[in-house]
Structure formats: C-alpha cells, structure tokens
Amino acid sequence: MSSNIRIWAGNADFLHWTRTTVAAFASERIAFLAILSQKLLAGDYSAALKALGFWLREAQLRQWQQEYANDDRTILAPVGRVFIVSPSNVEGLFAYSWALSYLMGNQTVVRVSEQLTDDQQALFALLESLDKQTAGLSEQAFISYDKRSDWTQTLSQWCQLRMLWGSDQSIESIRQIVLPAQAQEWVFPDRYSVSVLHLTDADIPRLSKLSEGFARDVSTYQQQACASPKWVFWYQTDKALQQRFWQAVNVHLDNAFPKNERLVASQYLCALGGKQVFYDNICIVEAPRILGIEQSLIGIVGQSQINAMKAIADELPDNLQSMSVYGLNKENKIELACLSSVRQFSQLGQALNFDKVWDGIDLASVFSKKISH
Amino acid sequence: MSDWKSIEVFGLAKAEKQAWLLGQLNRLTRHHQAHCQPYANLLAGQGQQEGAAESLNAVPYVAARLFKMLRLSSTLPDNVFKTLTSSGTTSQVKSQIFLDRDTAALQSKVLVSLLSSFTGKARRPMLIVDHDGLTGDKAGFSARGAGVQGLSFLGRDHTYALNSDMTPNWPVIDDFMAKYANEPVLIFGFTFMVWQHFIQPLIASGRSNQLPQALLFHSGGWKKLQDQAVSNDTFKTTVRQALGEQVAIHNFYGMVEQIGSVFVECEQGHLHAPTYADVLIRDQETLAEQCEGEIGLIQVLSFIPTSYPGHSILTEDLGRLLGEDNCLCGRKGRYFEVLGRLPKTEVRGCSDVF
Amino acid sequence: MTNNERLVTAFASSLNIDASQVVDELEYNTIPQWDSVAHMVLVAALEKEFDVMLDMDDIIEMSSVKIAKEILAKHDVAF
C-alpha cells in the first residue's frame, strides 16, 4: 500500500477531512496569508520568497476580495478538495497556486518533489510555525512521495479538482491515471515565451530601464522558466537601435550565464541557420524564424525582424505562453491574441511575475464556484 | 611529409608539428564545410574564416555537447559504417558519432601505431577487464565497446576477465596468468572497472605478482576513484602490488568524439599529445588560449575525423598544459594533465517532480 | 505623526537605513539597501501604513522618495 509519504507542513490526515464551511476569502484565511506575507517580507528570506510575500501582501488580498465580492446575483464558494502537483524547479510555484486555493476556501493537498530546495525548507518551516500558532493549516497538506507509489491514484480519487504543473511528459504520464468524472482538471504544461519590441528614437531615454527589465526576465532561473523570453521579434525597429538595446541589456548580465553554455547555445542556433549578431554576456542570434525551440538553451536570445503582426503570428508555436512587449498598442495586442496562442502579455521586467491570471486562466475562478442565486 | 605513416608518433618538435597539423586541420575544416550543412552554418553564423587558420588556436572548434544535440555528419547516410555513442547513463542524451569505413579504418590504424610505440610491435596476449559481448551490436556501438575493439588489434589471445555480472571470471583469469606468467602481456580496461572489479578482488583473493611483465592501459576518467579518494599514485602502487613491481601502467585520455588520437600517460605521469593530435587549453570565461600552467577547458585537435566534423572540439573537461617538447621521458609535443569536468550548470526551469 | 514622518519611518525600516537618509532626492538603486528585493518590502510597508493599494505602474514608477510621495498623493495621502 501507499507508504513512503512525507509531510512537510499541514495536516497528514487529509483522506479523512470532512466538509467544512469555510467560505471564499474567509477572514481567518486572509489573516493567515497576510501574516505569512509579513514574515516573508520582514525575515531573512531569499528574493524568490520575498516575491511570494510581496504577492500575498494584505493590500493585494483585499483587492482580490473586492474584485470577487459576492453580489446580489452570485455567491462565490470553494470547489472543495484540491490536489496540486507542482514542478520542483521553480520552487515558489506551488506556493502561489496553493495560496489561491487556500484563499478560495478549499482543502488542498500539494505534492512537491522529494528533494526540497533551501527555499522550500525555509517556507515549510515558516508555514509549520504559523500553523502551530493559528491552526490555519488544519485542512492543508504539503507532501512528497515516490512517484512509483500509488498516492497519485489515491489523491486523484480523493480530489474534486486536480491541477498539474510540469513538463508535457510528466503531465501525460499523470493523465494516464484516471480522474473520476466528477472531478475537474487543469494543466500547466511546457511553454515557450517570446518578446515583441517596437522601439523608436523617442524611446532612447527609456532604454536603460527597459533593458534592465529585459535582463531580469532572462536571467532569473537562468532563462529556464516557461515565461523567460527566448526569442525577440523586432517590430519596425531600426537595427542600430536594436544594437543599442542589446548593449544596454548586456551591462546588466555580467556573469549571469556560464560562458560554455552561451557557446553551446550560439553554436547550436548557428548550426540550424542563425547568424550571431551580438556576443558577450548574452548572445543574440538572428534568423527569419524561431529556431531551437526543442532545446533548453542558456544565455541566448534569438531575434527576427517583422513589419506586421500577422507575420509574427505565423511564426509562433502552439505552446506559446508569455509575450513581454514594449511599444505595442492595444490593437496590436488584440491582433496577436487572436492570431496566436499567447496566454499572457507582460511589461519588460515583469515576465516572471506570477499573477492570479496565469496562462490565460483566472486561478481564483478555477479554485471556486460561481453560484448564481 | 603529408602521409601520417611517415611521421614518428612523438617525433616532431613544435614548429614542424604545427605546420603539418595545421595543414591537415584546415583541409578538414574545408571538407566539413562542404559536406556538413550544420557545420557550414555554424561557421558562417559565427562569422568564421573558412579553412584558413594561420595557427592552431585559430582553427574553429565545435562545442562537444553539439554532438548530443545535432546529427553532425559529413558523409552520406548510406556510407555510415558505424555509429558510436558516448557511454553514460541511460537517462542522459548521448553523443552520436558517424563513422564511414575510411574514418573507422584510419582511427584503428592510428590507435595501433600510437599505442604500439608503448607496447612494441609484437602482439601480446591480451587480458580485457570487461565482459564479452560489448562489441556485438554494430549499429549501437558504445564507447566502451569501441575502446575494447580499437585496442584489440594490439593483442592476441583476447581474454575477457569478467563475467557479465562484473564478478571476476577466476578460472579464465587463473588460466591466463598461468599461461603467460613469464611473458609480456597487455591488460586493458576502464579505470574504475580495473580498480573495482579486477585489482580489488585480486588482492582480496590473495593472488599477487602473477603477471610481472604486464603493461596496463586504462582510461575513462577518475571521477569515481576520486570519490573513493584513490589518486593516480595510489592506483599505480596498488596495481603493482597486485600484478608485479615492474608492471608498466599508462592511463590515457580520449573521448568517443575523437577515437584514435588518444593522449597517453608517459613514465613521468604526463599525458602526451602525439604528432597526429594536439591539445589547447582555453580560459573558461574568455575562451582565450591559456598559457602553460593555467587551468582551462581542454580543446582537442585531430587529423582523423573525415566523416564527421570532429577535428577540433572544445570539451567540457578541465586541464592544464605542463610543457612542450621537453618532457623528461623524451617524447616531443605538448604534455598536460586532466583535472576533472566543468561543473554542471544547475538548470532550474519548469521541469518537474518526475 | 505626520504623513511625512510615517513615510520616513516606513522607508527607514523597510530599507534598513537611517531616517536622515530618507530625503526627496533618494533614488531607487542608488544605495545598496534599496534594491529590487527591498523595493517589494517597501511597497508592502507603504501600502500597510497608508492603507492603499498601489498598481503595477505605480510600483515601477516609484523610483525616488519624491515620486513615492507623488504616487501616494494620488491616493489622497497629503504631504
């Protein structure tokens, strides 16, 4: 039977939880998350955990509460039992989706990988200590288990909503495990992200700020997050201006990527037909269309030139996630949204900021029922 | 002086060697440019000169990992005679090296010429520290199998020392030892396997001094032995305790991407570049050529690879150049040491728990 | 406490600097203590202190003490 399960925080007795009457945006849950946020912001935690703390700050929670306020036509209620499987490497991710599930009043079991990162350990220690003071996690569990055990099966039977984050391969493998007809499922598979930039001479004073933002988007997680831009489409932008942009980006990327990784990446894209146009702390390779989408390359950004949005849309893959954009108007964005699979737009420097609407899906809505009355 | 056979393996001093090797390498650069589209793209994309390097350090190089990411071949699929794959665990993506008949033959000939300068021309009885059945499958040839087969030309009466479960095949070993106790023999195996599956059991079983005239070639990296805190010196001392005080022991450095031109350790404990090949050390951060004594990435050059663009490869191994033309062993050419692998970059992305 | 005193206190404690350093001219990224991580701590502190919710553009624009006051002024916090 199912053994080797480890519980990192919360309550291990999840198979026996009974239905409770916690409402969406229940005050004790807002209070718990607000304290968590304060502790993360005030304590000696990593930038990634501070970002989580920032995201969960009370002002933000209150704003969401207003946004989803019950009105005289609808009542917002929890889905019930939620099972989240999270990827190991973007450590914070499980916490974001868990926090929304929690906020919406659900009972939640989160599965993380067996090898905890330092950040995960720090976060679980904090959650445990807050739980001791408030019992706020009596219907939440953070666990890990051997993938060969039957826990995924058991929890799939248990839950009313299954949410999978991970590679295409692992999502397909979990999807082999039957989910009862009455349960819903949401998946967040491998994604690819690009940037669309439109610069004019008028933007020159802003180059420094824009480039800093772009540099942050590519350097966080060594460019390996789904939302890190890997290709830039220059929309009607002068080539000299492009070079100025890359030089400005370059300044912010001292030692960001190992040299050998940049070499491998550049040689790979060139072998596929690209032309190297910039090579320093980051490498820029130009080609008429996206190359190398199947490899995890580090320290490289491809670029293409386009004159019309229609031309970009033809080049974009189906698993497109984020477009970090600058200089596009609303019509441009609407055109791109309709012509491509894009799931979110962001400003430069914001590509990796988690939002409750992720991949084009409003997670707060996913984790709740909207009941009209 | 263009035919490699007319050149002494370790006989050319710097100026002569570079002149010969540079000509060969430029010829290969042009050849691969004409016959391997991704390679031609790579050079063009990086704005590199075509086949006109004026010194060895200007010969364009391919990052070793590219052989794992791309199918790099300069021969037609019909001419592929053997495909070599790197060893390594099953979960890793392996290098693929495409050999046609000519390149495969040249590799074997060069290897024999190179190693026989250590063993002498007479083919010795050969004990292979591995199990039989590595070389059977021609299509999916592993580096281990290729290494065993490449070296087997040097020997006769090939005897496999291990069972398929990696335990010593004592009857066969004892038989070999009894038969050749007073003859020069050749032993070959991968460093870790020699240590773990041959020398250790040999000592544990109380057998000693039974192959006093042996010459041992071993290769394959020190990582696992370093984990056990076994140095090259400890390795040699222990092997000699087990087999005989006069046993000659030569480690060599080589890789599946450049089989044939291996770098053999001399009596002074230095790895030597033969005339047919060379090494350069490049700074990890700038990729500029390093001076003697400085640590950096090892670039290997070889005149052999014709069927795939592997004549100049930047490895992910770290090493240090120790000298050139002046090793006390008398061999000409560069000598160096290998210091391990470039630490793997931790890739943190949206990959997952599974 | 005046609004200005409250603002100075929030800056000083979030950035871990002396209150005397909190002047209009102090800019983001010009002292090591005011980096992107501290910026998040600062925004959360200002929001809490003045009971406001800043939007993303405000947070990005808030690159000096002076601009912070201007942004808060938009939320009816007078200085």
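The sections below set out a description of the structure shown in this document.

Procedures and definitions
Residues numbered from 1 in each chain as written. Chains lettered and ligands numbered in written order. Predicted model: local features only at pLDDT ≥ 70, side-chain atom pairs only at ≥ 80, totals over all residues. Heavy atoms only, no water. Phe/Tyr/Trp six-rings, centres within 6.5 Å; stacked < 30°, edge-to-face > 60°. Helix = DSSP H or I, 4+ residues; strand = E, 2+ residues; numbered from the N terminus. Buried < 20%, exposed > 50% of the residue type's maximum accessible area, 1.4 Å probe, protein only. Contact = heavy atoms within 4.5 Å. Buried area = accessible area lost by both parts, 1.4 Å probe. Salt bridge = Lys/Arg side-chain N within 4 Å of Asp/Glu carboxyl O. Polar contact = N/O pair within 3.5 Å; in protein donor to acceptor, adjacent residues only side chain to side chain. Expected span 1.5 Å × (residues − 1).

A word on the packing of aromatic side chains. Under the defined criterion, the tally for this structure stands at 43 aromatic pairs over all chains. Residues Phe14(A) and Trp158(A) carry aromatic rings whose centres are separated by 6.4 Å and whose planes lie at 70° to one another, so their mutual orientation is edge-to-face. Taken together, the positions of Phe14(A) in the loop between strand S1 (5-10) and helix H1 (27-42) and Trp158(A) in helix H6 (residues 151-158) put the pair 144 residues apart, joining distant regions of the chain. Here Phe14(A) and Trp158(A) have matching classes, each one buried. On the numbers, 5.7 Å between centres and 65° between planes, the contact of Phe188(B) with Phe190(B) is edge-to-face. Each member of the pair, Phe188(B) together with Phe190(B), is buried. Counting every residue linked through ring pairs, the aromatic cluster contains Trp8(A), Phe32(A), Phe94(A), Trp98(A), Tyr102(A), Phe124(A) and Phe142(A).

Let us now look at the interface of chain C and chain A. Chain C puts 17 residues into the contact, and the matching count from chain A is 17 residues. Interface of chain C and chain A: buried area, both sides summed, is about 1,400 Å²; carbon and sulfur atoms make up 63% of it. Summed over the shared surface of chain C and chain A, the result is one salt bridge. One salt bridge in this structure joins Glu47(C) and Arg57(A), with 2.5 Å as the shortest N-O distance. At the junction of chain C with chain A, the criterion picks out one residue pair in polar contact (both at pLDDT 80 or more).

All names here are of chain C. With a phi close to 60°, Asn16 is a non-glycine residue in the positive phi region. Looking at the secondary structure, you find Asn16 in the loop between helix H1 (3-15) and helix H2 (36-50). On the accessibility criterion, Asn16 (67% relative accessible area) is exposed. Look at Asp51: it is not a glycine, yet its phi comes out positive at around 55°.

The next point concerns helix H8 (residues 207-219) of chain A. Residue and element names in this part refer to chain A. The end-to-end C-alpha distance of H8, which contains 13 residues, comes to 18 Å, matching closely the 18 Å that a straight helix rising 1.5 Å per residue would cover. Where H8 is concerned, the buried positions are Leu207, Leu210, Ser211, Gly213, Phe214, Ala215, Asp217 and Val218. Residues of H8 that are buried in the fold lie against strand S8 (192-197), strand S9 (229-235), helix H9 (239-251), strand S12 (300-306) and strand S13 (320-326). Among the residues trailing H8, Tyr221 stands out with phi positive, at a value near 55°.

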